There are 2 protein chains.
Amino acid sequence: MKQVAALAGVGIKTVSRVVNHEANVAPATASRVWDAVRALDYHVDLQAGSLRRAGGRTRTLGLLVSSVDNPFAGAIHRAVEDAAVERGVSVFTSSLDDDPLREAYAVSAFLQRRVDGLILTTASPRPQYLGAVLQRGLPVVYVDRKPVDETLDAVTSDNRAAAELATAHLISHGHRRIALLADRLDIGTARERQRGFLDALGHAGISTTLAPMVTELHDAASAQVALARLLASEAPPTAVFSAQNLITVGALHALRVAGLQHAVALVGFDDIPLADLVEPGVTVIAQDPQQIGRVAVERVFARLEGDTSPARHTITPTKLIPRGSGEIAPAAE
Amino acid sequence: MKQVAALAGVGIKTVSRVVNHEANVAPATASRVWDAVRALDYHVDLQAGSLRRAGGRTRTLGLLVSSVDNPFAGAIHRAVEDAAVERGVSVFTSSLDDDPLREAYAVSAFLQRRVDGLILTTASPRPQYLGAVLQRGLPVVYVDRKPVDETLDAVTSDNRAAAELATAHLISHGHRRIALLADRLDIGTARERQRGFLDALGHAGISTTLAPMVTELHDAASAQVALARLLASEAPPTAVFSAQNLITVGALHALRVAGLQHAVALVGFDDIPLADLVEPGVTVIAQDPQQIGRVAVERVFARLEGDTSPARHTITPTKLIPRGSGEIAPAAE
DNA sequence: ATGAAAGCGCTAACAA
DNA sequence: TTGTTAGCGCTTTCAT
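Residues numbered from 1 in each chain as written. Chains lettered and ligands numbered in written order. Predicted model: local features only at pLDDT ≥ 70, side-chain atom pairs only at ≥ 80, totals over all residues. Heavy atoms only, no water.

### Considering the interface of chain A and chain B
- Taken together, the contact pairs 53 residues of chain A with 54 residues of chain B.
- Taken together, the two surfaces of chain A and chain B that pack against each other cover about 4900 Å², and 50% of this comes from carbon and sulfur.
- By the criterion of area lost to chain B, the three top residues of chain A are His-43, Gln-47 and Leu-277 of chain A, representing 15% of everything that side buries.
- Linking chain A with chain B are ten salt bridges, by the criterion used here.
- Taking the shortest distance from any N to any O, the salt bridge between Glu-81 of chain B and Arg-102 of chain A comes out at 3.0 Å.
- Linking chain A with chain B are 33 residue pairs in polar contact (both at pLDDT 80 or more).
- Of all the secondary-structure elements, those providing two or more residues to the side of chain A that touches chain B are helix H4 (46–52), helix H5 (71–86), strand E2 (90–95), helix H6 (100–112), helix H7 (130–135) and helix H11 (245–258) of chain A.
- In terms of residue count, H5 of chain A provides more of the side of chain A that touches chain B than any other element does, seven residues in total. (Contact = heavy atoms within 4.5 Å. Buried area = accessible area lost by both parts, 1.4 Å probe. Salt bridge = Lys/Arg side-chain N within 4 Å of Asp/Glu carboxyl O. Polar contact = N/O pair within 3.5 Å; in protein donor to acceptor, adjacent residues only side chain to side chain. Helix = DSSP H or I, 4+ residues; strand = E, 2+ residues; numbered from the N terminus.)

If you want it as structure tokens, here you go:
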């Protein structure tokens, strides 16, 4: 900046004023400064600036998602980025991998870089770092899952109700022996979805002894193995509720390998790409990750602009998309 | 840091030494400092530090990809992140949207935040910002595409050869009237893929008048419309080479709607999720985005560690995965 | 092994 | 409208 000032023949503060679009600069002076900026390929050092700037804003956000290569997270990320660029804010993104240690590490990395706000997916029911974050007055919004016991801004789906709807959908098509394939139960959403599943069985008066539940599934491969085993058992399920996108993919593979994709019904939680192109089409409960991201980032910016209203937990809508796999009737016994 | 120093009863420099794991601190002193750090939930300000630090490193990287919600980009991103966390480096990610303006803006945002290195996908054949970047000695590695005329580190696939392979595969199954569906030709990879397509036709002695080529396609919807139109024409293609993942998805929809998915052959560039579950399976040329990201980030870190060897253009392997759609023979005429 | 002082690039506060 | 000075939180250099 000093060099620019020298080249433009002005004081350093004038350069600062110009590059920050402050008022009270003569147009002629401004254009001389811009010329110097271009001549030197100068880019302000936002980091140095934020050191002194009132409020210490860095024009930077931290985003923590399950994994940056998961399509659900990708959609959230895109929504966050779009709102951020509009405001000249850049986004640090990290992957959680459902590991509380990795979560703590990522948040700490964000804190060390003095982000202005956090959008977090959490693996910990009670994250240790929250105290430090809140005490600093840093806006935090949880997406997809939220810590228990805490009144915080959060944007999630109603996992329990949606899972109940999915299961009821299968029941309404005549199924009674319905399998649940779910993620690790230490993840809140997995628990919620299991509860919804059980709610639906309860309302229909179906004994849970009929319902094989396999949990602690974490990827497509383990889900495929689990379902293959169920299908080969003596009382195989006539329908499956797969409670997460990767699990649905594994379930699809297992059904395909067993040649049962037209015989065993399937409803998945979370939409998956090409779900409409497989045969039969995959019936899913679709969340709206785009909207989750959008609402979350707006919440962060609102907080940054001084909104001090009480914490808000926004529930974004889900919808059941029937495509065929969820409408298969059970084989007559 | 001053507060920590006060609480621990040491000088500020000692705190700096401890949190940066420097030598020459008495174990007893160090543990007193750590206690204070924990008591105050203190996190170093890396930004302030890098202001004075030799080399001015910020432990930060800038990554520019097509779009953060594209699975191809997600895989690259993940590989970059994994290598970065290992080194305590955080990653800024932005989406390019194949817009040179957005590209320039993103790079400028990275520069203003003083990233240590850049991993870029480019939409500009000759990016303006390169001068400023190179002059600063910032390591840049291009992924997926690279600017022309520049000797720079880059990691790409051999798009031309892979496209030729895909097309030759269709020809070897008896096709002569093969359609090309491609992206905007101002994108280098789209041009390369078209060249490879033409190479294969040339080698087989097939006149290009037989080959309907639709370019400037940019998403699934436009690709679907384009293929639907071709299929309805008086001399419809018996095979299709779709030169990008979203275009492949659009092509699949068009074939499905026309009921021709078992009649018209299809090979896609880039693997797509669930490609093996649709009927018939989708034959694709698969790149290895994970490896592209891994090689690129290693290159950046090597440069940061002082590697001054000449720029290297790494070609990562692609492979043709036959799954059914590419092995359909043309209908007898 | 520890600390004091200077200064990184910038912006706030104030002066001219 | 413009410039000067101090100081943000840290690391460097140098002294102890």
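Still more to cover.
### Focus: the packing of helix H2 (residues 12–19) of chain B against helix H3 (residues 27–40) of chain B
Residue and element names in this part refer to chain B.
- Axis separation between H2 and H3 bottoms out at 10 Å; the angle between their running directions is 90°. The orientation of H2 relative to H3 falls into the category roughly perpendicular. Note on element contacts: H3 touches H2 through Thr-29, Ala-30, Val-33, Trp-34 and Val-37, opposite Thr-14, Val-15, Val-18 and Val-19. (Axes fitted to C-alpha atoms, helices over the stretch in contact; angles between N-to-C directions. Parallel < 35°, antiparallel > 145°, perpendicular 65-115°, else oblique.)

### Remarks on helix H10 (residues 220–231) of chain B
- Given a rise of 1.5 Å per residue, twelve residues ought to cover 16 Å, and the 16 Å separating the end C-alpha atoms of H10 of chain B matches this to within 8%.
- Looking at the buried side of H10 of chain B, the elements it contacts are strand E6 (178–181), strand E7 (213–214), strand E8 (239–242) and helix H11 (245–258) of chain B. (Expected span 1.5 Å × (residues − 1).)

### Considering the protein's contact with DNA strand D
- Every one of the 25 residues lining DNA strand D counts as a neighbour, but Thr-14, Asn-24 and Thr-29 of chain A together with Lys-13 and Tyr-42 of chain B are closest to it.
- Here, DNA strand D places atoms within 4 Å of the protein, and 56% of those atoms are sugar or phosphate.
- In the environment of DNA strand D, a phosphate oxygen lies 2.3 Å from a nitrogen or oxygen atom belonging to the side chain of Asn-24 of chain A.
- One of the backbone N or O atoms of Asp-45 of chain B is found 3.1 Å from a phosphate oxygen in DNA strand D.
- Listed by contribution, the elements that provide at least two residues to the surface near DNA strand D are helix H2 (12–19) and H4 of chain A together with H2 and helix H4 (46–52) of chain B.
- Residue contributions to the surface near DNA strand D peak at four residues, all from H4 of chain B. (Near = heavy atom within 4 Å.)

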